[in-house]
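Coordinate inspection notes
So you can see what is in the structure, the chains are spelled out below.
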Amino acid sequence: MSQQLSFEKLVESKIIREQQDLVARRHRLALLCFEDDNLTSFLESNTVKLVNFLKDQGSSQKVLCVTEFDMPCFEILSPKRYQKALGQEWDIIVLDITKGISASVIASLSGALKAGGLLFIVGRSQQSWLNQNNEESYRLFGDYPAYQSRFFERLIHLSPEKRGLIDWNRSHIELPDHQSEILNQAEAPIYKEQDIAIKKIIQVFTGHPKRPLIITADRGRGKSSALGIAAAQLVNERQKRLVVVAMHQGSIEPVMNWFHKLVKPEHRHLLTFMPPDELLISLKKKCLDIDGVLVDEAAVIPSNILFQISNSINRIVFSTTIHGYEGSGRGFNIRFKSKLLELMPQTKEYQLTQAIRWNEGDPLEMWTFDTLILKYQVNLISYEESNLKWIWVKEGEAIPEEYIETSFGLLVDSHYQTTPDDLRQFLDHPARQLLVAVSVSENKVDVLGVCLILTEGGNSEKITTDIIKGKRRLRGQLVAQTLARYSGCSKWSSDLSWRVQRIAVAASCRDKGIGSQIIRRIEQQASVSNISFLSTSFAATDDLIPFWRSLDFIPVKLGYSYDKSSGAHSLIMLKLVNHFCNRDEITERFYSHTHQLLASVFKNLSTLVVIELLTGIHQKIGLYIDNNRIYRFINGEIQLFDATLELSDLIHFSLYDGNFDQEERYAVEGLIAKLWQNCSSNEWCESFNASGKKEEERMLREFARRLIKKVQSSE
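Residues numbered from 1 in each chain as written. Predicted model: local features only at pLDDT ≥ 70, side-chain atom pairs only at ≥ 80, totals over all residues. Heavy atoms only, no water.

Next up on the list: the overall build of the protein chain. From N to C terminus, the protein chain includes 27 helices and 20 strands. The C-alpha radius of gyration of the protein chain comes to 29 Å, within 12% of the 27 Å expected for a compact globule of 715 residues. Taking the principal axes of its C-alpha atoms as reference, the protein chain extends roughly 100 × 65 × 55 Å. Looking at the protein chain residue by residue over its 715 residues, the buried ones come to 54%. The long-range share in the protein chain, meaning contacts at least 24 apart out of those at least 6 apart in sequence, stands at 75%. Averaging the positions of the 85 positive and the 88 negative side-chain charges in the protein chain gives two centres separated by 4 Å. (Helix = DSSP H or I, 4+ residues; strand = E, 2+ residues; numbered from the N terminus. Rg over C-alpha atoms; globule rule 2.2 N^0.38 Å. Buried < 20%, exposed > 50% of the residue type's maximum accessible area, 1.4 Å probe, protein only. Contact = heavy atoms within 4.5 Å. Lys, Arg positive; Asp, Glu negative; His and termini not counted. Charge placed at Lys NZ, Arg CZ, Asp CG, Glu CD.)

Their axes nearest at 11 Å, the elements helix α14 (residues 401-414) and helix α15 (residues 420-428) cross at an angle of 130°. Between α14 and α15, the angle is such that the two are oblique. In this structure, α14 meets α15 at a crossing whose hand is right-handed. Between α14, through I404, S407, F408 and L411, and α15, the contact on the second element is made entirely by D422, L423, F426 and L427. In terms of residue class, the contact of α14 with α15 is built from six nonpolar, one polar and one charged. (Axes fitted to C-alpha atoms, helices over the stretch in contact; angles between N-to-C directions. Parallel < 35°, antiparallel > 145°, perpendicular 65-115°, else oblique. Left-handed = near helix turned anticlockwise from the far one by under 90°. Nonpolar A, V, L, I, M, F, W, Y, C, P; charged D, E, K, R; others polar.)

Moving on: the sheet that holds strand β12 (residues 316-321). Here we have six strands laid out as an open sheet, ordered β10-β9-β11-β12-β8-β13, and parallel in their pairing. Of all the strands in the sheet, the pair left with one neighbour each is β10 (271-274) and β13 (348-352). In this sheet, adjacent strand axes meet at a mean angle of 20° when their direction is disregarded. Alignment of strand β8 (residues 213-217) against β13, held across five bridges, turns out to be parallel. The residue bridging A217 from the neighbouring strand is L352, located in β13. Sitting on the sheet, helix α8 (residues 223-238) is in contact with β8, β9 (242-245), β10, β11 (292-295), β12 and β13, with an inclination near 160° to β12. (Pairing = 2+ DSSP bridges.)

This part takes up the pattern of salt bridges. Here the structure, examined in full by the defined rule, presents 34 salt bridges. A salt bridge links K162 to D370; the shortest N-O distance between them is 2.6 Å. Pair noted here: K162 is in the loop between α6 (150-157) and β6 (164-167) and D370 is in helix α13 (residues 363-371), with a separation of 208 residues, a long-range link. On the basis of relative accessibility, which here comes to 18%, the residue K162 falls in the buried class. (Salt bridge = Lys/Arg side-chain N within 4 Å of Asp/Glu carboxyl O.)

Per the counting criterion, the structure on display carries 15 aromatic pairs. Three or more aromatic residues link up through ring pairs in this structure, and these residues are F538, F547, W548 and F553. Seen from the ring of Y486, K557 lies directly overhead, with NZ or CZ sitting 5.2 Å from the centre. Directly above the aromatic system of Y560 lies the positively charged group of K557, at a separation of 4.1 Å from the ring centroid. (Phe/Tyr/Trp six-rings, centres within 6.5 Å; stacked < 30°, edge-to-face > 60°. Lys NZ or Arg CZ within 6 Å of the ring centre and 35° of its normal.)

The relative placement of two packed helices comes down to the angle between their axes together with the axis-to-axis distance. The geometry of helix α24 (residues 644-657) relative to helix α25 (residues 662-676) is characterised by a closest axis approach of 10 Å and an angle of 135° between their N-to-C directions. Comparing the axis directions of α24 and α25 gives the class oblique. Our pair here, α24 against α25, has a crossing hand that is left-handed. Contacts from T644, L647, S648, I651, H652, S654 and L655 in α24 reach V668, L671, I672, L675 and W676 in α25. Grouping the amino acids of the contact of α24 with α25 by side-chain chemistry returns eight nonpolar, four polar and no charged.

Put plainly, a disulfide is one covalent bond tying together the sulfur atoms of two cysteines. Enumeration over the complete set of coordinates arrives at zero disulfides. Cysteine C509 shares no disulfide, and the gap to the nearest cysteine sulfur, in C451, comes to 16 Å. (Disulfide = S-S within 2.5 Å.)

The next thing to look at is the pairing of β9. Going residue by residue along β9, you find L242 and V244 tucked away on one face and V243 and V245 tucked away on the opposite face as well. When β9 meets β10, the two strands line up parallel, connected through four bridges. Looking across to β10, one finds that V244 is bridged to F273. After leaving β9, the chain enters helix α9 (residues 253-262) and then returns to the sheet as β10, a path that is right-handed. Relative to β11, β9 is paired through four bridges, and the arrangement is parallel. Residue pairing in the sheet places L242 in a bridge with G292 of β11. (Right-handed = clockwise from strand over helix to strand, strands pointing away.)

Moving on, we get to α24. Because an α-helix packs 3.6 residues into every turn, residues spaced three or four apart end up facing the same way. Along its 14 residues, α24 runs 20 Å from first to last C-alpha, staying within 8% of the 20 Å computed at 1.5 Å per residue. Taken together, the buried positions of α24 are occupied by E646, L647, S648, L650, I651, H652, F653, S654 and L655. Where α24 terminates, the next one or two residues include G658, which has phi positive at roughly 75°. (Expected span 1.5 Å × (residues − 1).)

Within β12, six of the six residues are buried, which leaves the element mostly enclosed by the surrounding structure. Along β12, one buried face is formed by I316, F318 and T320 and the opposite face, lined by V317, S319 and T321, is buried too. Of the strand pairs in this sheet, β8 and β12 are connected by five bridges, and their pairing is parallel. By the bridge assignment, A217 is partnered in β12 with T321. Where β11 lies against β12, three bridges are found, and the strand directions are parallel. For L294, the partnering residue across the bridge sits in β12 and is V317. Viewed along the sheet, the connection from β11 through helix α11 (residues 303-312) into β12 turns out right-handed.

Before going further, it helps to spend a moment on unusual backbone geometry. Peptide bonds are, in most cases, trans, and in most cases residues other than glycine have a negative phi. Notably, R26 is not glycine yet its phi reads approximately 55°, a positive angle. Turning to its location among the elements, R26 is positioned in the loop between α1 (2-25) and β1 (29-34). The exposure class assigned to R26 is buried, which follows from its relative accessible area of 18%.

Okay, structure coming up:
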């Protein structure tokens, strides 16, 4: 007992000195804390007692405890509501992981810690940390049997020099050695980069139009405060009406805090928040009277939505975090920024690198970068076909250490929405498999492409029946249970299948067939592994669908509503491996079902997406075109709706053939929008750049002429 008390005193004295040192250096630190496995009350843990002691030493210290337990002495936040911490700061944060750990929670809370602060991550013994049988593991993986967590091993063993550790069971404490110089408190820091950013933001709304600005930064660089300060100046001095756009209102709290701190009370209403989908609706209705838009954390907003906003707004600032819980700024660079620069070459860029909320060399920032792979840089790669090798990581196998950062970095780089929890699934999901394409040369090994696969199906008759009746939903069985419920066929749930969750190829190696090779190798493996079908689910965009169609995947289910995170309808595509159903029946049903809903549920679906989905999957049997009536419409003898049936048959025939040139594709788009999606004249004219109703009629007749000519030439 006396030994335990002496260790507690040792810890108290060391942590007090550590916090004083952190304050002097304007740094922060994470501490991994291991408690007794028999701990019954988190309130009674040694770490909470330590935090109480620290709070008593400095009464002004602000403490947050992230836990499901009632903690009367502290401000409490449920781990499920961790995003509410965005925009706020604490001196000490205590994270309770006795019920499991979320990588996204750690990443988020690290941004809510003040300079000089301590982040206590508190669980039971090291062995219990590694055990995945807890609530968080169920949330991520469902009912799969758990095994030792490689993600937890990473937290414990990677970069020990950048974090602290307190093992109460072994009376052991580790603290890092500090290398940086202590800040001279008499010298106020000068934030030149932020001042430049503020001036550049103001210039967007006061200079020439159609010159967007893209601001990028790591967390803690003053990006959000720059937006708020600039907005306040624009409103105070010029009464500009501005909108801040973000996926969640909570994420712009830092922007609004700075704005409200500096703006005149009578002008507060001139800066408002709108999520991107609401902004687009308002722009479409032309009911929004504003001077410009500030897009915060643009990396998590789908690129197609960003393009729609930039095409509709003359003055716009895009700001995004390069690395962090908000999303991948590098994916943003590839998918959006490069194309925006092509379309609008006068776009300006600015990157904030100077840390503001804490000093350079901050141990917490470096530790989260390392453990959560938040700052991996994808390098340019060249390779010879003869050097291409394949690494297959099966279910339950550990991913070789040399491929973890490069493989996950590629996935982050290629997908607009990646969170730290995705790393946890990448490392720990029991049903996860991985196929990695590598180039092996004398000097190095480069990862060229990677595919993350999840096994689905294999469900019992009872579970499958419950799924079909809508009585049960399983985690990690997206396609299997969706198709079983949709079709009423039990085989989709009972048979084993592989879902391609993510696939990525290094930017410098794209358009060389590596992605196609990856999928074909997976198909070969599936054919000898008792797998009935391969599937994939993604946001239905016209640039992604052709890749899967080229590999003989067929569309089977299109989501009925837009997904807010992607801005598109979700699409399931599959390829039968060991055939248990009729492919033609599946495609014919999808074609008819989608066609039937185009005037209602899918009214706003892009016509390019419609063409990519429906081309080449309809059966020619029974198709007949009344040329005479179509020519009467073309010659102006009858109106459009007098020839609706015949023109619809013309669309069907054109989609069946599918071999369009650019003009013919545009003609199919125009007729689909008018006849199948029932666009009003105003909507149609806006989409197809027609000056009015007469121009619309002329263009539709010309579209019909192009297509009937093509049909006749192919007969």
